[in-house]
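What follows is each chain in one-letter form.
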Amino acid sequence: MSDYTTISLRKEFVADVEEYIEEEPFGSVKEFVKHVVVQEMESDEEISEAEARRIGQKLRDLGYME
């Protein structure tokens, strides 16, 4: 039996993702997010610390992160 946890996402973000994946082969936001995270973890590309901070700031400015 697998253990699970819950990740909270803003409803607006989930709505944006649902709209984005409408024409994609993902059955749910959960499937899409899992795909993106696994893809990123397997990627050999690295981003700089400055780029990570810039992305984080953009997400905060958009209200997706606190």
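Presented here is an overview of the structure given in this document. No experiment lies behind these values; they were computed from the predicted model shown.

Quick notes on the rules
- Residues numbered from 1 in each chain as written.
- Predicted model: local features only at pLDDT ≥ 70, side-chain atom pairs only at ≥ 80, totals over all residues.
- Heavy atoms only, no water.
- Helix = DSSP H or I, 4+ residues; strand = E, 2+ residues; numbered from the N terminus.
- Rg over C-alpha atoms; globule rule 2.2 N^0.38 Å.
- Buried < 20%, exposed > 50% of the residue type's maximum accessible area, 1.4 Å probe, protein only.
- Areas by Shrake-Rupley, 256 points an atom, 1.4 Å probe, with all protein chains shown as cover.
- Lys, Arg positive; Asp, Glu negative; His and termini not counted.
- Charge placed at Lys NZ, Arg CZ, Asp CG, Glu CD.
- Phe/Tyr/Trp six-rings, centres within 6.5 Å; stacked < 30°, edge-to-face > 60°.
- Patch = residues over 30% accessible without salt bridge, like charges linked within 9 Å, V, L, I, M, F, W, Y side chains within 5 Å.
- Salt bridge = Lys/Arg side-chain N within 4 Å of Asp/Glu carboxyl O.

## Observations concerning the overall build of the protein
Move 1: Along its length, the protein carries 3 helices and 0 strands.
Move 2: Beginning at the N terminus, the succession of helices and strands in the protein can be written as α-α-α.
Move 3: A compact globule built from 66 residues should have a C-alpha radius of gyration of about 11 Å, whereas the protein, at 14 Å, is more than 25% larger.
Move 4: Expressed as lengths along the three principal axes of its C-alpha atoms, the size of the protein is roughly 35 × 30 × 30 Å.
Move 5: Within the protein, buried positions represent 9% of all 66 residues.
Move 6: Carbon and sulfur atoms form 51% of the exposed surface of the protein, whose accessible area is close to 6,400 Å².
Move 7: Distance between charge centres in the protein, computed from 8 positive and 18 negative side chains, equals 7 Å.

## Thoughts on the packing of aromatic side chains
Move 1: By the definition in use, this model includes 2 aromatic pairs.
Move 2: Relative to Phe32, the ring of Tyr20 has its centre 5.7 Å away and its plane inclined at 55 degrees; by these criteria the two rings are tilted. On the criterion of sequence distance, the pair formed by Tyr20 in helix α1 (residues 11–20) and Phe32 in helix α2 (residues 29–42) is long-range, its members being 12 residues apart.
Move 3: On the basis of relative accessible area, Tyr20 is assigned to the exposed category, the value being 56%.
Move 4: Using a relative accessible area of 16% as the deciding quantity, one classes Phe32 as buried.
Move 5: On the basis of an interplanar angle of 75 degrees and a centroid distance of 5.2 Å, the ring pair of Phe26 and Phe32 is categorised as edge-to-face.
Move 6: An aromatic cluster of three or more residues is present, and its members are Tyr20, Phe26 and Phe32.

## Observations regarding a negative patch on the surface
Move 1: Together, Glu12, Asp16, Glu19, Glu22, Glu23 and Glu24 line one region of the surface with negative charge.
Move 2: Inspection of the secondary structure assignment puts Glu23 in the loop between α1 and α2.

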